[in-house]
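Summary of structural features
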Amino acid sequence: LDISMVQMLLTMRLLAFAWNCHDGDRLNKKKALGSPKFEVNAVRKLPTLLEYHGFTFNYTTLLAGPILEYNHYISVADNSKFSDKRLKGKNPPGFFPALWCLVQAVGMLTLQMWWVKTIPFMWVASDEFMKLSLWYKYFYAWISLFSVRLYYYFVWKLADGLGFSGFDQDGKLEFNAASNIDIYKVETCQSFRDLATYWNIHVGRTLKVYCYMRLPGKSGRPSTFALYATNVLSAIWHGLYPGYLFAFFFAAVSTDISRRFRKRFRPYFVRCPDPSDPRKEEPIQPWKTFYDIFSFLSLQITLPINFIPFNLVKWEPIVYYFNDGLLWTGHIGYVVIFGLLFILDI
């Protein structure tokens, strides 16, 4: 990496803090913000020097994340986060949620140690790998990525814990404010939008709130330009290496394609009984099941195209992997699909 993990976390945390101070200043001047999400984390009163450094170098989020908002941190530090009467003046019992995170982390580490020996990821850049059939190379690249995900699952579950977020609709305690990964949803999601939502949750949310949503188009909603700009910013934040630029640019391409397909074809598979609330959908079975399976498989097929470069990092192995490995078939597919979308005016 160009910069250390600690510097990356500080950069993102202070970027969010700067925007929060900007939003708080606008609210103090009775000026409107672009979204209610901006108001939630707006900092209306600048912290003291001690509070600022306590937030900046908070031990629980300094080394492995996640990136927490200043308002969340200070509410935990001054105990206002625990002022709910249902807590009866006591801190929430977080021992068992933290223990469960530790158990998951150990399980992910154990599985990762076995997986990386059985199906080593770096074999995708070897001469032996290039001699395999195209279909087998796709399959091996896809399944080897699981060992990479296991590493991140371990790190993020180990860093999870200090995350009391309140009560759910049933009045039960929730401890997901510091959760940076939803493993089940990552492994079963059907689109790049969902993958970005549940993978590295806090970084994704920070980029969404402080970059993507700050670039509205003519309609007032984030434009396609905002999608590509946010992914390029994410690549630069990770480091100026070809692998990151490859990964995030083509992740944006995949997201753009899936959005266009969803807008055009999803109405054939779901119905909306209440036009005033388009989020309430009723599936048209059995076709909705086929649509879900197709969406899931489409996402999985793109993973060896988009995320192998992220882990190879450097230009030479990336070009070798695509030239002699996948023969640029995925990128040719992107060009063909975009051509069809243009012809069909989708």
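The present account deals with the structure reproduced in this document. Note that this is a predicted model, so its numbers are computed, not measured.

**Focus: the nonpolar core**
Here is a general trend for soluble globular proteins: nonpolar side chains tend to be buried in one another's company. Within the largest apolar cluster, 51 residues are counted, with the highest numbers of intra-cluster contacts made by Phe 121, Val 124, Tyr 153, Leu 195, Ile 308, Leu 312 and Tyr 321. Among the elements that make up this core, the one with the highest residue count is helix 8 (residues 134-159) (11 residues). Apart from the residues lying within four places of it in its own chain, the contact partners of Phe 121 are Ser 144, Leu 145, Ser 147, Val 148, Ile 308, Asn 311 and Leu 312.

**Description of the pattern of salt bridges**
Evaluation of the coordinates by the stated rule reveals eight salt bridges. Between Asp 25 and Lys 29 there is a salt bridge whose closest N-O contact spans 3.2 Å. Of the residues examined, Asp 25 reaches a relative accessible area of 36% and is grouped as partly exposed. In this structure, Lys 288 and Asp 292 form a salt bridge, with 2.7 Å as the shortest nitrogen-oxygen distance. A residue pair is termed a helical-turn pair when its members lie 3 or 4 positions apart in one helix, as Lys 288 and Asp 292 do in helix 14 (residues 287-306) at four residues. Taking the relative accessible area as the measure of exposure, Lys 288 reaches 12% and is therefore buried.

**Topic: the packing of helix 1 (residues 5-28) against helix 11 (residues 201-210)**
Two measures define how a pair of helices packs: the angle their axes make with one another and the distance between the axes. Remark: helix 1 packs on helix 11, axes separated minimally by 11 Å, with the N-to-C direction vectors making an angle of 35°. As for how helix 1 packs across helix 11, the hand of that crossing is left-handed. Residues Met 12, Ala 16, Trp 19 and Asn 20 of helix 1 form the contact with helix 11, whose own contacting residues are Val 203, Thr 206, Leu 207 and Tyr 210. Here the contact of helix 1 with helix 11 is built from residues that sort into six nonpolar, two polar and no charged.

Rules of the game
- Along each chain, the written sequence defines residue order, and numbers are assigned to residues from 1.
- Local features in this predicted model are restricted to residues whose pLDDT is 70 or higher, and side-chain atom pairs enter the listing and the counts only when it is 80 or higher, whereas totals over whole chains, interfaces and linings include all residues.
- Only hydrogens and water are set aside when side-chain values are computed; all heavy atoms of the structure are taken into account.
- The term nonpolar core refers to a set of buried residues drawn from Ala, Val, Leu, Ile, Met, Phe, Trp, Tyr and Cys, joined through side-chain atoms within 4.5 Å.
- Whether a residue is buried, partly exposed or exposed follows from its accessible area with a 1.4 Å probe, protein chains only, as a fraction of its type maximum: under 20%, in between, or over 50%, in that order.
- The helix and strand labels rest on DSSP assignments: H or I over at least four residues marks a helix, E over at least two residues marks a strand, and numbering proceeds from the N terminus.
- Contacts: residue pairs with any heavy atoms within 4.5 Å of one another.
- Salt-bridge detection follows one rule: a side-chain nitrogen of Lys or Arg within 4 Å of a carboxyl oxygen of Asp or Glu.
- Convention adopted: a line fitted to C-alpha atoms gives each axis, helices being fitted over their contacting stretch, and angles between N-to-C directions are expressed from 0 to 180 degrees.
- Crossing handedness is defined as follows: a turn of the near helix away from the far one that is anticlockwise and smaller than a right angle gives a left-handed crossing, while the clockwise case is right-handed.
- Throughout, the ten residues Ala, Val, Leu, Ile, Met, Phe, Trp, Tyr, Cys and Pro are labelled nonpolar, Asp, Glu, Lys and Arg are labelled charged, and all others, Gly among them, are labelled polar.

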